[in-house]
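Here are the chains, one letter per residue:
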Amino acid sequence: MKIRYRYSLAVMILLLGSSAFAAEKSKAANESGTEKEVQVLAGDSLAVNINDEEEDNTANSVTEAFEKGKLKGLLRYSGQYRDSSLYSIDQDSLPTGNDVKSYSAVGGYLGYETAPLFYTSIGATFYTSNPLGNNPADREGLGGLKETPDGQKSYNVLGEAFVHIEKDGNNVKVGRQEMPDYRFVSLSNIRMTPFTHEGAIYENTTIEGLRLNVAYITKQKDRNAEEFKGMVRSARVSTGCGELDASGQCIDTSSRMKIRGDFDPAYYNTSGKYDGERKDMMMLGGIYKQENWSFEGWDYYVNDFVNTLYLYGQYNYPVNDAWKLTFAGQYANQQDVGSAVAGNIDSWFYGLKAQASTDGMLFFINYNEVSYNEDSYDGGTLFVRWGTPQMFNSFQVQDSELAGTKSIGVGAQFDLGALGILDSTVIRFRYADYDMPDELWMYDAKQDRREATFDLRYSFTKTQGFGIFTQMDGLSIQFRLAYDDYRTDYDFAAYQQAHGFSFENVTDGFYDARLYIDYVF
């Protein structure tokens, strides 16, 4: 273990980089002729950019292909701390203790891709995370380090290994790879390293303003994992109540069953997690973009599991030379398919966003609603764990994907450098109210909750024109703080008497603090 740790630490020290966070990279020239980030939507669900252009570094020989290749990498320190007050329903809602989770780690990734020779290149990326400081085993659960029976440990994995062919607007990549902007399939790079996927992708941009996407995805590596798993396991499907009997009923009747309808209980292990055969995903997508508007359509079909349809539209209205209004809408629908290894799935969500922006300032308001359907898996909760959750009100802790959630979010972002207040600094404030299904008769009831967040990012290489998640070279520091307040004035004992089980992890409120120090070049 010591040898492995020293090896991963030595590699980590050498890491070079290109991508600290998955983000928009759309740019426009300002009056001085330099490039400046164009702020799009202030939430974490942004319009996909389809107009990226890379410099030509074509090689004429194998030697030149390696000489002109490109390194990418990230050296990152990340620490996170979350402290929750838990309640027990048989104690009249009196606090019984704190559930503390934390990690402190250093790592990142190092990747290399050759220059294209006959339109073809090859690449690979190594990912690592290593404990730094105190990381107690009883504080695991946040996903910054590998979580084992012996505590929080290092992980080291070859997350990318691919062949890449690109010619005349046709782009093919086969193997393990980062898939940054396929909406429900994306990086979710919010711990130490991102999700990566295994499969084949094809992109076509031969028609101006249009990008077509096709992918066949066989496996996914979680952020803190060394193993690639099939797309059902990666969706974190579970019974919710541990082991099942031969008829598919919960052995532990004090826990809530997530799976509804007909399914084969042999697919699930004694911990209640899916343990059946691997299921692959077929993905189709299209993005059409004009000067002031764009539309996206995506479909993700996981064999014998679920089909997800996602639609997104955005319109920009320039009020005058200084101000712009942006309106966006989103809709998704999930249905079970084939042999339905997770039982019945019949759910949807939609969202609306309005934003006003000017140089250095953004103000927005969002609304999301998720279906509540007790005949669907987990009451209608959506499967979003193949990437960054796409709901407009997916904030720091709350992802707004739970069954029956109705959420309203507001926020403001300020580029203090552009405003002439403080160079190299961007701050953001957000607040959301999550109205959950919480009536006594509801089988899938959950606590209402609210979340307030504060984000600060400081760049050592840019004075202005960047956002909270803008990809940029050099050293940057990001601090994020969220406070989640849960409603607790429920009759938990009456709910348990009605259903035979209690609310899950009854929570009062907690702080979630995160620090990232990134060096990218």
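See the structure printed just above.
Anyway, here's the lowdown on the structure attached to this text. Values in this document were obtained by computation on a predicted structure and should not be read as measured data.

This part takes up the overall build of the protein chain. Along the protein chain, the regular secondary structure elements total four helices and 25 strands. Looking at the protein chain as a whole, 53% of its 521 residues are labelled buried. Taking the intrachain contacts of the protein chain between residues at least 6 apart in sequence as the baseline, contacts between residues at least 24 apart amount to 65%. Total accessible area computed for the protein chain in this model is approximately 22700 Å², and 53% of it derives from carbon and sulfur atoms.

Here we take up the side chain of Gln-478. With respect to the helices and strands, the residue Gln-478 is situated in strand β24 (residues 474-486). Within polar-contact distance, the side chain of Gln-478 engages the backbone oxygen of Ile-468 at 3.2 Å.

A separate point is the pairing of strand β17 (residues 306-318). Bridge count between strand β16 (residues 293-302) and β17: 10 bridges; the pairing is antiparallel. Residue pairing in the sheet places Tyr-301 in a bridge with Asn-307 of β17. Linking two consecutive strands that pair antiparallel, namely β16 and β17, is a turn of three residues; a positive phi of about 60 degrees is found at Asp-304 within it. Inspection of the sheet shows β17 paired to strand β18 (residues 324-336) by 13 bridges, in the antiparallel sense. From the neighbouring strand, Val-306 faces β18, where its bridge partner is Asp-336. Where β17 hands over to β18, the hairpin turn is made up of five residues, counted between the paired strands.

Glancing now at the pattern of salt bridges. Counted according to the given criterion, the structure contains 28 salt bridges. With a shortest N-O distance of 2.7 Å, Glu-277 and Lys-279 are connected by a salt bridge. Exposure remark for Lys-279: the relative accessible area of 2% places this residue in the buried category. In this structure, Asp-304 and Lys-279 form a salt bridge, with 3.0 Å as the shortest nitrogen-oxygen distance. Here Asp-304 is found in the loop between β16 and β17, whereas its partner Lys-279 is found in the loop between α3 (231-234) and β15 (281-289), with 25 residues between them in sequence. Relative accessible area serves as the criterion here: at 17%, Asp-304 is assigned to the buried category. Here the residues in one salt-bridge network are Arg-256, Arg-260, Asp-378 and Asp-444, joined through shared partners.

Another aspect to go through is the nonpolar core. Membership of the largest hydrophobic core comes to 44 residues, with the highest contact counts inside it found for Val-237, Phe-305 and Trp-386. If you list the elements that add at least two residues to this core, you get β13 (210-221), α3, β15, β16, β17 and β18. When neighbours within four sequence positions are excluded, Phe-305 is seen to be in contact with Met-231, Val-232, Ala-235, Val-237, Gln-335, Asp-336, Val-337, Val-341, Ala-342, Ile-345, Phe-383 and Trp-386. Judged by nonpolar contacts, the second largest core, of 12 residues, contains Leu-74, Tyr-109, Tyr-155 and Met-192.

Here Tyr-434 is to be found in strand β22 (residues 425-435). Sequence separation between Tyr-434 and Ile-408 is 26 residues; the distance between their C-alpha atoms is 6.9 Å. Looking at Tyr-434, its side chain comes within polar contact range of the main-chain oxygen of Asn-393, at 2.8 Å.

This paragraph deals with unusual backbone geometry. Positive phi values are uncommon outside glycine, yet Asp-168 reaches one of about 50 degrees. In this fold, Asp-168 is placed in the loop between β8 (155-167) and β9 (170-177).

We now examine the packing of aromatic side chains. Following the criterion strictly, the structure yields 25 aromatic pairs and no others. On the numbers, 5.8 Å between centres and 85 degrees between planes, the contact of Phe-263 with Tyr-268 is edge-to-face. Just as Phe-263 is buried, Tyr-268 falls in that class too. Ring-pair connections join several aromatic residues into one group, and the members of that group are Tyr-182, Phe-184, Trp-298, Tyr-300, Tyr-310 and Phe-349. The cationic tip of Lys-221 hangs over the ring face of Tyr-127; the distance from NZ or CZ to the ring centre is 5.7 Å. The ring of Phe-364 carries the charged tip of Lys-353 above its face, separated from the ring centre by 4.2 Å.

As for its position among the elements, Asn-171 is in strand β9. One polar contact links Asn-171 to His-164, side chain to side chain, over a distance of 2.4 Å. If we skip the residues at most four places from it in the chain, Asn-171 touches His-164, Ile-165, Glu-166, Ile-201, Tyr-202 and Glu-203.

Attention now goes to a nonpolar patch on the surface. A surface patch of nonpolar side chains, about 840 Å² in accessible area, is lined by Tyr-288, Trp-293, Phe-295, Tyr-315, Tyr-317, Val-319, Trp-323, Phe-327 and Phe-363. Secondary structure elements with two or more residues in the nonpolar patch: β16 and β17. Along the polypeptide, Tyr-315 turns up in strand β17.

Right, let's get into the pairing of β24. Here strand β23 (residues 449-459) runs beside β24; their pairing, made up of 11 bridges, is antiparallel. Note that in β24 the partner of Tyr-458 across the bridge is Ile-477. Sheet topology note: the β24/strand β25 (residues 507-520) ladder contains 12 bridges and is antiparallel. Bridge pairing in β25 links Leu-481 to Ala-513.

A few words now on helix α4 (residues 492-499). Regarding α4, the residues found buried are Phe-492, Ala-494 and Tyr-495. The arc enclosing the buried residues of α4, seen along the axis, measures out at 160 degrees, which places them on a common side. Gly-500 lies just past α4 and shows a positive phi near 90 degrees.

Mapped onto the elements of the fold, Tyr-268 is located in the loop between α3 and β15. As a C-alpha pair, Tyr-268 and Leu-244 span 24 residues in sequence and 7.9 Å in three-dimensional space. When sequence neighbours within four positions are dropped, the list of residues in contact with Tyr-268 reads Val-237, Ser-238, Thr-239, Ile-259, Phe-263, Lys-273, Tyr-274, Asp-275, Val-341 and Ala-342.

Rules used in this analysis
Each chain carries its own residue numbering, running from 1 in the written order of its sequence. Residue-level local features of this predicted model are given only where pLDDT is at least 70; pairs of side-chain atoms are given and counted only at 80 or more, and the full residue set underlies all totals for whole chains, interfaces and linings. Heavy atoms from the whole structure form the basis of all side-chain values; hydrogens and water molecules are not counted. Helix and strand assignments follow DSSP, with helices taken as H or I runs no shorter than four residues and strands as E runs no shorter than two, numbered in order from the N terminus. Buried, partly exposed and exposed residues are distinguished by accessible area as a fraction of the type maximum, computed with a 1.4 Å probe on protein chains only: under 20%, between the cut-offs, and over 50%, respectively. Whether two residues touch is decided by their heavy atoms; if any such pair falls within 4.5 Å, the residues are in contact. Per-residue and other accessible areas follow the Shrake-Rupley method at a 1.4 Å probe size, with only the shown protein chains counted as cover for residues. In the analysis that follows, any N or O atom pair within 3.5 Å is treated as a polar contact, provided that within protein one partner can donate a hydrogen and the other can accept it, and provided that, for residues neighboring in sequence, both atoms belong to side chains. At least two DSSP bridges between two strands are required for those strands to pair. Between Lys or Arg on one side and Asp or Glu on the other, a salt bridge is scored when a side-chain nitrogen of the former is within 4 Å of a carboxyl oxygen of the latter. Nonpolar cores were defined as sets of buried Ala, Val, Leu, Ile, Met, Phe, Trp, Tyr and Cys residues, with membership established by side-chain atoms within 4.5 Å. Here the aromatic set is Phe, Tyr and Trp, taking the six-membered ring for Trp, and pairing holds for ring centres within 6.5 Å; pairs whose planes are under 30 degrees apart are stacked, those over 60 apart are edge-to-face, and all others are tilted. The rule is short: NZ of Lys or CZ of Arg within 6 Å of the ring centre and within 35 degrees of the ring normal puts a charge over the ring. Note on patches: the residues involved have over 30% relative accessible area and no salt bridge, like charges join within 9 Å, and the nonpolar side chains Val, Leu, Ile, Met, Phe, Trp and Tyr join within 5 Å. What the arc measures is the spread of directions leading from the helix axis to the C-beta atoms.

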